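These are the residues of each chain, in order.
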Amino acid sequence: MAYDDEDDERPAPPRAPGEGVRIIGAQEAAQREAELQSGRLPDDAPRYGDVPPQPSGPRPAVRFPLPEDADPPASTPATGAHDLPHWSEPPTGEVPRVLVGDDADDEDDLEAWAALRRQPRWREGSDWEEADFAEDELLDDGVRVGALDDTPRSPEFSFDDELDEEPEQEERAVRTRTARQATGAMHRVSSRPTEPYDYSEKRGGERDLPMAVAAGVGLLGLALFCYWRGPGWLAALATVVVLLAAVEVFDNFRRAGLKPATLLGLAGTAAMMIGAYTKGERAIPLVLALAVMFSMLWYVVGVVRARVTANLGVTLLGIAWVGFLGSFASLMLRHPDGDGKAFLLGTILAVVANDVGALFAGRSFGNTPLAPEISPNKTVEGFFGGFLLTLIVCLAVVGRIDPWDFGSTFWLAVVVSLVGPAGDLAESLVKRDLGVKDMGTVLPGHGGVLDRFDAMLFALPAVYYLVELLNLPGQ
C-alpha cells in the first residue's frame, strides 16, 4: 500500500513481541521534535519509537541478579604498589599518597608546593609601602555594581531630588517627632495652630491703639470707682481679675496639649486671694501646701490620666504665678485706716504709666531690641521712656495720695520700672513656648487679661515689701 508524501499519518513499525511501554529520555524527545519540524525523513533513517537491534555476538554467561547456584565472577587484581589496608586494621596515621607512580615525579610535584611553606616575613619601617601584589591584579574588567560602580550618573536624577518631591511629608514627620519628644507618653492631640505665631512682625502693627486706649481708660475708671467704694470692692475686683487671668493660663496650657488640674488651679487661686484678704499672710503657706498635696492626689486617684511631672508642674505654675503673686493685692488692702487702698492705687498708676511710656517711646524712636529672642517688640528706648513717664506720674500724681510722699514715690517709680518689664518678658517667654500671640481676647486692643496685668503681677509683691521697707504710715 503506497502513501503520499503529504500524508500526516503512516503506519507504525511492527513491535517486537512482548514489548511494553517504554520511557524515553530527553535525547530521543529532542530527536522526535527535530523530525516533526524537518518534515519527512528518509526511509532508512531511525524514527521515534524504533526499537534498536539486538546486540550481536555471544551473550554474557552471567546476568544479574545471579542465580543461587552461580559462582561470582573473578575480580580484576588491583595494580600498583600501594594497596588499601583492610578496614579492620588499626590506623597507621600516615597520609596516603595520592599520586601513584614514579617517586621522581612525586618529588617534582612536592617541590612546586614548597614555595608556600616559607617562614613569615616581618615588616619594618617603609616595608609597608611595598605591596605584595601588583595593582593590575586587582583590576577586573567585569561589571561593577554598588559602591564600585564608577559610571557617571545622570544629573537629572539624585536622591536629593527624590526627597524633595515630598517636602510636606518630611515636614510633617519633623513636627510629629518634635511633639512626641515634648510631651513624652502623654498621647495628646494638640489643638493649637500648626505654625506658631510669627513674632518678627513690625512693632505695634496689629494693635488697635484707639481701642486699647479706650479699654485702658475703662479699666482705670472701674478701679477708681472701687477705690471710692472701699477696700472690699477693690479686693473683689482684684479677685475677679486674677481669676480671669488664671482661666486664660490654664486654657492655654490645655490648648498646648497639656492636661493640668484646672479645677484645682482655679480653686487654689481663689482661695489664695480670699485667704490673704481675710486671714493675712499666714493663709498663703496653708493654701500653697494644700494646693501641692491635692494636685498630686489629683493624678494619684486618676482624675486625669496623663504624664504627672509635666502636668503637675504647669498646675502649680499657674497657681504660683497668678494666684500667689496676685494675692499681694489682697495683702495690701488689709492695711489699717484704709491706707491699703492708696498703696494699691499707687501701684496701678505706676504700672499703667510704665506701660504707656514704653509703648509710645518704642513706637516713636525704638531701634535697639531689649530681648530680641524673647520679645522683639521691646526696645531699650522704650524701657527708658517707660521709666521717665513712670517717674513723672509718681511724683506728680501718686505723691498727692496720702500716705505717699516725695521720697517713697521716687522709689516706687524705680521699683516698678525694673520689675514691670521683667513681668512682661516673663509672660512673653511663656507665650513663645506655647506658640500663642495673646493669652486671650477679653480686652479689645490688649488681648487677654493676663496680657494687660502681667507686669502688675511682678509689681505687687515688690511694692508690698517696698512699703514695709520704707515703713510708711499704716504699717
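We now turn to the structure provided with this report. The shown structure was predicted, so the numbers you read here are calculated from the model rather than taken from an experiment. (Residues numbered from 1 in each chain as written. Predicted model: local features only at pLDDT ≥ 70, side-chain atom pairs only at ≥ 80, totals over all residues. Heavy atoms only, no water.)

1. Focus on the overall build of the protein chain
- The secondary structure content of the protein chain amounts to 14 helices and two strands.
- Sorting the 475 residues of the protein chain into buried and exposed places 30% on the buried side.
- Long-range pairs, those at least 24 residues apart, make up 69% of the contacts in the protein chain with a sequence separation of at least 6.
- Counting only carbon and sulfur atoms, one obtains 59% of the accessible surface of the protein chain, whose full area is about 32700 Å². (Helix = DSSP H or I, 4+ residues; strand = E, 2+ residues; numbered from the N terminus. Buried < 20%, exposed > 50% of the residue type's maximum accessible area, 1.4 Å probe, protein only. Contact = heavy atoms within 4.5 Å. Areas by Shrake-Rupley, 256 points an atom, 1.4 Å probe, with all protein chains shown as cover.)

2. With respect to the nonpolar core
- Within the largest apolar cluster, 63 residues are counted, with the highest numbers of intra-cluster contacts made by Trp-321, Leu-344, Trp-404 and Leu-412.
- A total of 11 residues in this core trace back to one element, the largest contributor, which is helix H14 (residues 449–470).
- Aside from chain neighbours lying at most four places away, what touches Leu-412 is Gly-346, Ala-350, Cys-394, Val-398, Trp-404, Val-463 and Leu-466.
- Membership of the second largest hydrophobic core comes to six residues, among which are Ala-261, Tyr-299, Ala-306 and Leu-312. (Core = buried A, V, L, I, M, F, W, Y, C linked by side-chain atoms within 4.5 Å.)

3. Focus on the packing of helix H10 (residues 308–332) against H14
- Where H10 contacts H14, the axes come no closer than 8 Å and their chain directions differ by 55°. Classified by the interaxial angle, the pair formed by H10 and H14 is oblique. As H10 runs across H14, the sense of the crossing is left-handed. Residues Trp-321, Val-322, Leu-325, Gly-326, Phe-328, Ala-329, Leu-331 and Met-332 of H10 lie in contact with H14, whose contacting residues are Leu-450, Leu-457, Phe-458, Leu-460, Pro-461, Val-463, Tyr-464 and Tyr-465.
- The class makeup of the residues in the contact of H10 with H14 is 15 nonpolar, one polar and no charged. (Axes fitted to C-alpha atoms, helices over the stretch in contact; angles between N-to-C directions. Parallel < 35°, antiparallel > 145°, perpendicular 65-115°, else oblique. Left-handed = near helix turned anticlockwise from the far one by under 90°. Nonpolar A, V, L, I, M, F, W, Y, C, P; charged D, E, K, R; others polar.)

4. Digging into H14
- In this model H14 runs 31 Å from its N-terminal to its C-terminal C-alpha over 22 residues, within 8% of the 32 Å that 1.5 Å per residue would give.
- A maximum bend of about 35° is found in H14 at Ala-455.
- In the segment just after H14, Asn-471 is the residue with positive phi, at about 55°. (Expected span 1.5 Å × (residues − 1). Bend = angle between axes of the 7 residues up to and from the residue.)

5. What about the pattern of salt bridges?
- Counting across every chain of the model gives seven salt bridges.
- Among the salt bridges present, the one from Arg-452 reaches Asp-355, with a minimum N-O distance of 2.7 Å. Of this pair, Arg-452 sits in helix H14 while Asp-355 sits in helix H11 (residues 339–365), and the two are 97 residues apart along the sequence. For the pair Arg-452 and Asp-355, one class covers both residues: buried.
- Among the salt bridges present, the one from Glu-427 reaches Lys-431, with a minimum N-O distance of 3.9 Å. With a gap of four residues between them, Glu-427 and Lys-431 both fall in helix H13 (residues 406–434), about one helical turn apart. Considered together, Glu-427 and Lys-431 belong to a single accessibility category, that of buried residues.
- Taken together, the shared-partner salt bridges connect Asp-251, Arg-254 and Arg-255 into one network. (Salt bridge = Lys/Arg side-chain N within 4 Å of Asp/Glu carboxyl O.)

6. Considering the packing of helix H8 (residues 262–279) against H10
- With their axes 8 Å apart at the nearest point, H8 and H10 run at an angle of 20° to one another. Comparing their axes, H10 and H8 come out roughly parallel. The handedness of the crossing between H8 and H10 is right-handed. Taken together, the residues of H10 that come into contact with H8 (itself represented by Leu-264, Gly-265, Thr-269, Met-272, Met-273, Ala-276 and Tyr-277) are Ile-319, Gly-323, Phe-324, Gly-326, Ser-327, Ser-330 and Leu-331.
- Per-class residue counts for the contact of H8 with H10 are eight nonpolar, six polar and no charged.

7. Remarks on H13
- Taking 1.5 Å per residue, 29 residues should reach 42 Å; H13 reaches 42 Å between its end C-alpha atoms and fits that length.
- At the C-terminal side of H13, Gly-435 shows a positive phi close to 80°.

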